[in-house]
Amino acid sequence: MPTSRMIFEVPPGRLDVDDGGRIVAALAGDRSYLSGGSVGEVIIAGRPHQPTVARLAVDEDEIDVDLAAGDGLTLAVRHSFAVGWGWRIRLSNDSPDELAVDSVRLDLTLGAEMVGHPIAAGSEAELVIRPRDGEGPILAGRLVTGSVAEITETGLITGPLRLPPGAGYVLTWQWNWYDDVARLIERRRGIVPWPTVRTVGEPIDLRGDPDAALIVPDDLLGAGGMMRGPGGELTELVSDQAGRYRIEERSARGTVTFDLGWAAPVEQALGERVDRFARATGPEAAALSAADGIVLHLALGAGTATDPDRATDALEVITAGLVDAGPRTGLDATLLCLEHHRTGERDPLDLAVTWILSCDRVDPGLGFAVTQACLARVIRGQSISGIIDRAGALAAAIPDRPTLPLDAAGVAELELLAAIHRNLERPSPAFRSRLRAAGPYLGSGEVAPARPALDTERRAALVAVLRFADEQAAVAIGRDWAAAPSALAEVAAAYLLDEIADTGSSETLAWLALGLAT
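This one's a predicted model, so the numbers in the text were calculated from it and none came from an experiment.

(A) Looking closely at the overall build of the protein chain. Secondary structure assignment for the protein chain yields 15 helices and 24 strands. The principal-axis extents of the C-alpha atoms in the protein chain amount to approximately 85 × 50 × 45 Å. Counting the 518 residues in the protein chain, one finds 52% classified as buried. The long-range share in the protein chain, meaning contacts at least 24 apart out of those at least 6 apart in sequence, stands at 65%. Carbon and sulfur atoms provide 50% of the accessible area of the protein chain, an area that totals close to 21,600 Å². Between the averaged position of the 47 positive side-chain charges in the protein chain and that of its 74 negative side-chain charges there is a distance of 3 Å.

(B) Summary view of the packing of helix α8 (residues 366-379) against helix α10 (residues 408-421). Axis separation between α8 and α10 bottoms out at 7 Å; the angle between their running directions is 25°. Classified by the interaxial angle, the pair formed by α8 and α10 is roughly parallel. Contact with α8, carried on its side by L366, G367, F368 and T371, involves E415, L416 and A419 of α10 and no other residues of that element. In the contact of α8 with α10, the residues fall into 4 nonpolar, 2 polar and 1 charged.

(C) Spatial organisation of helix α6 (residues 330-343). For α6, spanning 14 residues, the distance from its first C-alpha to its last is 20 Å, which sits close to the expected 20 Å at 1.5 Å a residue. By the criterion of burial, α6 is predominantly enclosed, with 11 of the 14 residues buried. Residues of α6 that are buried include every one of G330, L331, D332, A333, T334, L335, L336, C337, L338, E339 and H340, and no others. Buried-residue contacts for α6 involve α4 (290-302), α5 (308-325), α7 (346-358), α8 and α15 (506-517).

(D) The arrangement of the side chain of R459 in detail. Here R459 is to be found in helix α12 (residues 456-468). For R459, the residues in contact, after removing those within four places along its chain, are Y441, L442, L454, L496 and E499.

(E) Layout of empty space enclosed by the protein. Counted by the stated rule, this structure contains 2 cavities of 30 Å³ or more. Reported here for the second largest cavity is a volume of approximately 40 Å³. As for the second largest cavity, its lining consists of H117, E126, V128, R142, L184, I185, R188, E446, V447 and A448. Class assignment of the residues belonging to the lining of the second largest cavity gives a composition of 5 nonpolar, 1 polar and 4 charged.

(F) Region of the structure containing the environment of E415. Within the element layout of this structure, E415 appears in helix α10. The class for E415 is buried, based on a relative accessible area of 2%. In the structure, E415 is positioned 53 residues away from F468 in sequence and 8.7 Å away in space, judged by C-alpha atoms. Side-chain polar atoms of E415 contact the backbone nitrogen of G367, separated by 2.9 Å.

(G) Quick look at the nonpolar core. Grouped together as the largest cluster of nonpolar side chains are 88 residues, with contacts concentrated most on I294, L435 and L512. It is α12 that contributes the most residues to this core, 8 residues altogether. Listed in part, the 45 residues of the second largest apolar core include L75, I89, L99 and W177.

(H) The arrangement of the pairing of strand β6 (residues 52-59) in detail. Bridge count for β6 against strand β7 (residues 62-70) is 7 bridges, and the pairing is antiparallel. Bridge pairing in β7 places V53 opposite L67. As consecutive antiparallel partners, β6 and β7 are separated by 2 residues.

(I) Representation of the pairing of strand β24 (residues 254-263). As defined by bridge partners, strand β18 (residues 197-199) adjoins β24 across 3 bridges and the pair is classed as parallel. Note on β24: the bridge partner recorded for V197 is G261. The pairing of strand β23 (residues 243-251) with β24 spans 9 bridges and is classified as antiparallel. By the bridge assignment, E248 is partnered in β24 with T257.

Rules behind the numbers
Residues numbered from 1 in each chain as written. Predicted model: local features only at pLDDT ≥ 70, side-chain atom pairs only at ≥ 80, totals over all residues. Heavy atoms only, no water. Helix = DSSP H or I, 4+ residues; strand = E, 2+ residues; numbered from the N terminus. Buried < 20%, exposed > 50% of the residue type's maximum accessible area, 1.4 Å probe, protein only. Contact = heavy atoms within 4.5 Å. Areas by Shrake-Rupley, 256 points an atom, 1.4 Å probe, with all protein chains shown as cover. Lys, Arg positive; Asp, Glu negative; His and termini not counted. Charge placed at Lys NZ, Arg CZ, Asp CG, Glu CD. Axes fitted to C-alpha atoms, helices over the stretch in contact; angles between N-to-C directions. Parallel < 35°, antiparallel > 145°, perpendicular 65-115°, else oblique. Nonpolar A, V, L, I, M, F, W, Y, C, P; charged D, E, K, R; others polar. Expected span 1.5 Å × (residues − 1). 1 Å grid on protein atoms, 1.4 Å probe; cavity = no way out; pocket = protein on both sides within 12 Å on 5 of 7 lines; lining within 4 Å. Points joined across faces, edges and corners; volume = space filled by probe spheres on them. Polar contact = N/O pair within 3.5 Å; in protein donor to acceptor, adjacent residues only side chain to side chain. Core = buried A, V, L, I, M, F, W, Y, C linked by side-chain atoms within 4.5 Å. Pairing = 2+ DSSP bridges.

Right, here's the structure in full:
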């Protein structure tokens, strides 16, 4: 067969390979999941080497490529396509001296419209690749033999190797297509769990292996007194304080090393931030925003403010400023509605409703403002038809397909559609498509966080929306996700809190707080 370009069918996709044995693209339909794959730079004793092709052999379902890396190191690369796509790389030391191989990089470039979920935990590694719109098949590669130290934006990197004369080392990856995340997870095996982060006091399950040693820090507790389970039973680990812990599993296959984390609950994070606000004076107090006010409001409601009087004073300063100036954003209107619920004063609610009725754009916070304003008016025995009509008109103008990747406008559209869908029996195409596009960035049941990731504020807003519209989201998603929307929101919130600790923006915390309020 001609070697200028080779195409191998791996249903439901295919691989395009060039005449050097390098993967040009992994495609399903017209979507490129990978836009490159080859053996890249090899570093030997601190010196970089770029392997060159010494031999290429091709048949119907296999490609063999021999590479020379210099200093007596050769690499035999085999791509096999009989069952899925197998990628085997054997390093051989053909020199009379021991070789110190610092690293080998396997170049892998994700397609421009893809999101990756990488795990590099030593002898357990995985790369899950999904379209960023959350639709279409999933391509997943798993390490079968060898060890991977890191997965970067440009590929897979091994750790250091020492090869005596005549010795070899084998890396094998197996790649397969999956219809959806649920099927991917059903077929997944390994010690690295999902999720790897929970809130303090919640257990994380590890799958036990009777032939492996599990090494756990002394200050990490085994739930129910059990530190490991025999014969594939689940082992529960739990921490009573926020922090990260290194876990190791050692077996004949190699060592798997990964971190488990426990984050402080949202309520604690809100309380700590509120204590900072309550100490603000002068210009600092005057600069507090509606997002700060939402954090103050929800922390007071949760009882986590150390000094409730000072927190209330700070909240009233923010609210008074909004009443004087009028709301300009959805979060402004949301805070005014929440303050009406707390104080019973009519002015904040009237101002929020006036803003909603005149709103000509889908603003972040609009969906929550609509919901809170309707609730307040129903309690007061007032009509909500004007609010529903205005929100419905804005929602009707939202296109079926979102801009990708999801930006602040796309998340705001999903929020408003979630508010509208509380009164609809069937999810609209616009609501469903935005939920699906949120899935890859929130994980939807994969082990590893997404790369590239959305910023923390957008992820926090998605958490709030999923908690707000759990039932509607579950109907719209079906089997597309491997976890229920409420469970996914809980896990995503824990990952966020572990990531931001006490450095998160007020907007990020405000969205997490709104998730608690729904």
